[in-house]
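Summary of the model geometry
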Amino acid sequence: MMHESHAYAVASRDIVFESFDGEAVVLNLANGKYFGFSDSGSKVWQALSSGMDARALVGLTAGGSTIGQAQLDHFIAQLLELGLLVPSDATVQPLPDELAAELAATNEPLDVSIHDDLADLIVIDPIHEVEEPLGWPAVKQAS
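Conventions adopted
Residues numbered from 1 in each chain as written. Predicted model: local features only at pLDDT ≥ 70, side-chain atom pairs only at ≥ 80, totals over all residues. Heavy atoms only, no water. Helix = DSSP H or I, 4+ residues; strand = E, 2+ residues; numbered from the N terminus. Areas by Shrake-Rupley, 256 points an atom, 1.4 Å probe, with all protein chains shown as cover. Pairing = 2+ DSSP bridges. Phe/Tyr/Trp six-rings, centres within 6.5 Å; stacked < 30°, edge-to-face > 60°. Core = buried A, V, L, I, M, F, W, Y, C linked by side-chain atoms within 4.5 Å. Buried < 20%, exposed > 50% of the residue type's maximum accessible area, 1.4 Å probe, protein only. Contact = heavy atoms within 4.5 Å. Salt bridge = Lys/Arg side-chain N within 4 Å of Asp/Glu carboxyl O. Axes fitted to C-alpha atoms, helices over the stretch in contact; angles between N-to-C directions. Parallel < 35°, antiparallel > 145°, perpendicular 65-115°, else oblique. Left-handed = near helix turned anticlockwise from the far one by under 90°.

1. Thoughts on the overall build of the chain
Check the secondary structure of the chain and you find four helices and eight strands. When the helices and strands of the chain are read in sequence order from the N terminus, they spell out β-β-β-β-α-β-β-α-β-α-β-α. When the accessible surface of the chain is summed, it comes to about 8,500 Å², and 55% of that surface belongs to carbon and sulfur atoms.

2. A look at the pairing of strand β2 (residues 15-20)
Both β2 and strand β3 (residues 23-28) contribute to a ladder of six bridges, which runs antiparallel. Residue pairing across strands places I15 opposite N28, the latter belonging to β3. Connecting β2 to the next strand, β3, in antiparallel fashion are two residues, including D21 with a positive phi near 50°.

3. Thoughts on the packing of aromatic side chains
A complete count under the given rule lists three aromatic pairs for this structure. Centre to centre, the rings of F37 and W45 are 5.6 Å apart; their planes meet at 25°, and the pair counts as stacked. Through successive ring pairs, a cluster of aromatic residues spans F17, F37, W45 and F75.

4. Let's talk about the nonpolar core
The nonpolar side chains of a soluble globular protein tend to be buried, and buried together. Membership of the largest hydrophobic core comes to 27 residues, with the highest contact counts inside it found for F37, V44, W45, L48 and L57. The set of elements that each furnish at least two residues to this core consists of β3, β4 (34-37), α1 (39-49), α2 (69-81) and α3 (97-104). Filtering out sequence-adjacent residues up to four positions away, W45 remains in contact with I15, F17, A24, V26, F37, F75, L79, L84 and L85.

5. Regarding the pattern of salt bridges
What the rule picks out here adds up to two salt bridges. The salt bridge involving E102 is made with K43; its shortest N-O contact spans 3.9 Å. Of this pair, E102 sits in helix α3 while K43 sits in helix α1, and the two are 59 residues apart along the sequence. R55 serves as the salt-bridge partner of D53, at 3.1 Å between the closest nitrogen and oxygen. Residue class for R55 comes out partly exposed when judged on its relative accessible area of 43%.

6. Considering the packing of α1 against α3
α3 packs onto α1 with a crossing angle of 160° between their chain directions and a minimal axis gap of 9 Å. Here α1 is positioned roughly antiparallel relative to α3, judged by the angle of their axes. Taken as a pair, α1 and α3 cross one another with a handedness that is left-handed. Of the residues in α3, those in contact with S40, K43, V44 and A47 of α1 are L99, E102 and L103.

Structure below.
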């Protein structure tokens, strides 16, 4: 069952992501797991992580079929369970017009895969941003 929220946000600052040729790769710096998405999953991740209205995705064509409410609920539940997204009280953003066409051009159903083969290395030496004037390594302060 999907949370009553229709907007979502990236769960924490430890969740970083990048899109490579339209394919999203998400990394959890706290535990070293990284996540790959199907082509349609990448588009939906980008929409959800940007605070776009989840309800607007239902009925769009993706991966050769129509995104149903149950399918979307399952995908969002996975992202919530994996700690990648959290429900947001922010005002939902409308879907950009081009998203429907980009989703329609996808070939794979909504899917996320979990990888932890590099977790030990990522936790020991995470991908980092150099913060001036701290330089590297910037030690995280306890919250």
